[in-house]
Amino acid sequence: MSTIEERVKKIIIEQLGVKEEEVKSEASFENDLGADSLDTVELVMALEEEFETEIPDEEAEKIRTVQAAIDYVTNHAND
Amino acid sequence: MTTTMQGQVALVTGASRGIGKAIAQQLTQQGVKVIGTATSDSGAAAISDYLGDMGEGRQLDVTDAESVATVLKAIDESYGQLDILVNNAGITKDNLLMRLKDDDWDAVLDTNLKSVYRLCKAVMRGMMKRRHGRIINISSVVGTTGNPGQTNYCAAKAGLAGFTKALAQEIAARGITVNCVAPGFIDTDMTKSLTDDQKEAIFANIPASRLGQPEEVAAAVVFLASPGAAYITGETIHVNGGLAMV
């Protein structure tokens, strides 16, 4: 079973079409990984599906870095 | 490129009669399964009747977000996909601005414009995931030209054109097109309510010298929904017998 971090990073790699080594914890989707605003919306959709959760809009807007995505999922994993 | 629409699924609002019915029927002729909606249960039943095994009618209040969610959920469960959304449901509440009631302004804006926001938002996730979608909004020639006694209707229809262009830009890269078809004066119940004076003034300005038929509007909708129209987005096709050339 993969860790949350691995699963989140895998989704980011798939959704944004980036290389594994680019997906550093502090990397920003828009500034470092070349995502536009719609890409980040889709990324959140993919996270919602992978982790079977619904991420409210106001929370989704805060998920702008790899670490923020991992943190969000970690903190809500047992909801 | 796929050249057939066989097996696709479409949602057509306001499909019990007039233009919406013609659109639903022509889509089924292309092998598209159609869910047609009406505000009443009897309207929905009438749609089920004419669609036969090519689709079904459903009761939908486009001004009610919950009602929209219910229908979308049912489509997802029964068909598992939605390829085409035709926002056709619309109403008129005509009056000179000086006589126009707030309720009539609000009802027309809600049913004709905000409903499109609601429905588009509701179908967006599925279409984005599948990298495919066709959204066709039925606007009106008067959204471009204006028409006395219809400030509310013209505002809503002009609003649709702006909405269409903005959304088209947002999602073009995801294989989803968003367009308008703008009918002129079409032979439907809606134009039957025009006064003789209104009709006379209109006919004098239609080079084709006749009302359009619902099927002539539906043909433009089917084209925009087809694979061949994949590179057309943010556009308005006017179907008005030459009444306005823009």
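- Identification of chain B as 3-oxoacyl-[acyl-carrier-protein] reductase from Pseudidiomarina piscicola is taken from an unreviewed UniProt entry.
- UniProt, in the comment section headed Function (unreviewed entry), describes chain B in these words: "Catalyzes the NADPH-dependent reduction of beta-ketoacyl-ACP substrates to beta-hydroxyacyl-ACP products, the first reductive step in the elongation cycle of fatty acid biosynthesis."

- Labelled according to an unreviewed UniProt entry, chain A appears under the name Acyl carrier protein, originating from Pseudidiomarina piscicola.
- Under the Subcellular location (unreviewed entry) heading, UniProt states for chain A: "Cytoplasm".

1. Here's the deal with the overall build of chain B
For step 1, the next point in the chain: Summing up its helical and strand segments, chain B has nine helices and seven strands in all.
For step 2, the next point in the chain: Radius of gyration (C-alpha) of chain B: 17 Å, near the 18 Å computed for a compact globule of 246 residues.
For step 3, the next point in the chain: Along the longest, intermediate and shortest principal axes, the C-alpha atoms of chain B span 50 × 35 × 35 Å.
For step 4, the next point in the chain: The burial tally for chain B puts 47% of its 246 residues in the buried class.
For step 5, the next point in the chain: When contacts within chain B are restricted to residue pairs at least 6 apart in sequence, long-range pairs at least 24 apart make up 69% of them.
For step 6, the next point in the chain: Accessible surface, chain B: about 11500 Å² in total, of which carbon and sulfur atoms supply 51%.
For step 7, the next point in the chain: Charge separation in chain B, taken as the distance between the mean sites of 22 positive and 25 negative side-chain charges, equals 7 Å.

2. Considerations on helix α4 (residues 102-130) of chain B
For step 1, the next point in the chain: Between its first and last C-alpha, α4 of chain B extends 41 Å over 29 residues, near the 42 Å set by a 1.5 Å rise per residue.
For step 2, the next point in the chain: Positive backbone phi, approximately 55°, marks Arg131 of chain B, located one or two places after α4 of chain B.

3. What to know about the interface of chain A and chain B
For step 1, the next point in the chain: On the side of chain B, seven residues touch chain A, which itself brings seven residues to the contact.
For step 2, the next point in the chain: Both faces considered, chain A and chain B share a buried interface measuring about 690 Å² in area, 44% of it formed by carbon and sulfur atoms.
For step 3, the next point in the chain: On the chain A side of the interface with chain B, the three residues burying the most area are Leu38, Glu42 and Met45 of chain A, jointly 67% of the side's total.
For step 4, the next point in the chain: Linking chain A with chain B are six salt bridges.

4. Overview of the packing of helix α1 (residues 4-16) of chain A against helix α4 (residues 66-76) of chain A
All names here are of chain A.
For step 1, the next point in the chain: Relative to each other, α1 and α4 sit at 130°, their axes nearing to 10 Å. In this view, α1 runs oblique relative to α4, as classed from their interaxial angle. Where α1 crosses over α4, the handedness of that crossing is right-handed. Along the contact surface, α1 presents Ile4, Glu5, Val8, Lys9 and Ile12, while α4 presents Val66, Ala69, Ile70, Val73 and Thr74.
For step 2, the next point in the chain: Class assignment of the residues belonging to the contact of α1 with α4 gives a composition of seven nonpolar, one polar and two charged.

5. Thoughts on the UniProt feature "modified residue: O-(pantetheine 4'-phosphoryl)serine" (unreviewed entry) in chain A
For step 1, the next point in the chain: Mapped onto the present numbering, the UniProt feature "modified residue: O-(pantetheine 4'-phosphoryl)serine" (unreviewed entry) falls on Ser37 of chain A.
For step 2, the next point in the chain: Topologically, Ser37 of chain A is positioned in helix α2 (residues 37-50).

6. Comments concerning the side chain of Asn240 of chain B
Residues and elements named next belong to chain B.
For step 1, the next point in the chain: Note that Asn240 resides in the segment after β7 (236-239).
For step 2, the next point in the chain: Note on Asn240: relative accessible area 10%, which makes it buried.
For step 3, the next point in the chain: A polar contact is formed between the side chain of Asn240 and the backbone oxygen of Ala244, at a distance of 3.0 Å.
For step 4, the next point in the chain: Every residue in contact with Asn240, bar those within four places of it in the chain, is listed here: Val141, Gly184 and Ile206.

7. Notes on the side chain of Ser140 of chain B
All names here are of chain B.
For step 1, the next point in the chain: Residue position: Ser140 is located in the loop between β5 (133-138) and α5 (142-145).
For step 2, the next point in the chain: Judged by its relative accessible area of 8%, Ser140 falls in the buried class.
For step 3, the next point in the chain: Among the polar contacts listed, one links the side chain of Ser140 to the backbone nitrogen of Val142, at a separation of 3.1 Å.
For step 4, the next point in the chain: Discounting residues that sit within four places of it in the chain, Ser140 has contacts with Tyr153, Lys157, Ala182 and Pro183.

8. Quick look at the UniProt feature "domain: Ketoreductase" (unreviewed entry) in chain B
For step 1, the next point in the chain: Mapped onto this numbering, the UniProt entry gives "domain: Ketoreductase" (unreviewed entry) at residues 8-189 of chain B.
For step 2, the next point in the chain: This span, residues 8-189 of chain B, is 51% helix and 18% strand, and a straight line between its end C-alpha atoms measures 29 Å.

9. Regarding the environment of Thr191 of chain B
All names here are of chain B.
For step 1, the next point in the chain: Position of Thr191 among the secondary structure elements: in helix α7 (residues 189-192).
For step 2, the next point in the chain: Counting along the chain gives 83 residues from Thr191 to Val108, while the straight-line C-alpha distance between them is 16 Å.
For step 3, the next point in the chain: Contacts of Thr191, omitting those with residues within four sequence positions, involve Phe185, Ile186 and Lys199.
For step 4, the next point in the chain: Of the polar contacts made by the side chain of Thr191, one reaches the backbone oxygen of Thr188; its length is 3.0 Å.

10. Quick notes on the UniProt feature "active site" (unreviewed entry) in chain B
Residues and elements named next belong to chain B.
For step 1, the next point in the chain: Using the residue numbers shown here, the UniProt feature "active site" (unreviewed entry) corresponds to Tyr153.
For step 2, the next point in the chain: Along the chain, Tyr153 turns up in helix α6 (residues 151-171).
For step 3, the next point in the chain: Non-local contacts of Tyr153, meaning those with residues more than four positions away in its chain, are made with Ile91, Thr92, Val108, Asn112, Ser140, Val142 and Met190.

11. Examining the pairing of strand β1 (residues 9-12) of chain B
Residue and element names in this part refer to chain B.
For step 1, the next point in the chain: The alternating pattern of β1 places Val9 and Leu11 on one face and Ala10 and Val12 on the opposite face, and all of these are buried.
For step 2, the next point in the chain: Both β1 and strand β2 (residues 33-38) contribute to a ladder of four bridges, which runs parallel. Paired with Val12 across the two strands is Gly36, which belongs to β2.
For step 3, the next point in the chain: As paired elements, β1 and strand β4 (residues 84-87) share three bridges and run parallel to each other.

The rules behind each value
Residues numbered from 1 in each chain as written. Chains lettered and ligands numbered in written order. Predicted model: local features only at pLDDT ≥ 70, side-chain atom pairs only at ≥ 80, totals over all residues. Heavy atoms only, no water. UniProt positions renumbered as here; feature names shortened; annotations may be inferred. Helix = DSSP H or I, 4+ residues; strand = E, 2+ residues; numbered from the N terminus. Rg over C-alpha atoms; globule rule 2.2 N^0.38 Å. Buried < 20%, exposed > 50% of the residue type's maximum accessible area, 1.4 Å probe, protein only. Contact = heavy atoms within 4.5 Å. Areas by Shrake-Rupley, 256 points an atom, 1.4 Å probe, with all protein chains shown as cover. Lys, Arg positive; Asp, Glu negative; His and termini not counted. Charge placed at Lys NZ, Arg CZ, Asp CG, Glu CD. Expected span 1.5 Å × (residues − 1). Buried area = accessible area lost by both parts, 1.4 Å probe. Salt bridge = Lys/Arg side-chain N within 4 Å of Asp/Glu carboxyl O. Axes fitted to C-alpha atoms, helices over the stretch in contact; angles between N-to-C directions. Parallel < 35°, antiparallel > 145°, perpendicular 65-115°, else oblique. Left-handed = near helix turned anticlockwise from the far one by under 90°. Nonpolar A, V, L, I, M, F, W, Y, C, P; charged D, E, K, R; others polar. Polar contact = N/O pair within 3.5 Å; in protein donor to acceptor, adjacent residues only side chain to side chain. Pairing = 2+ DSSP bridges.

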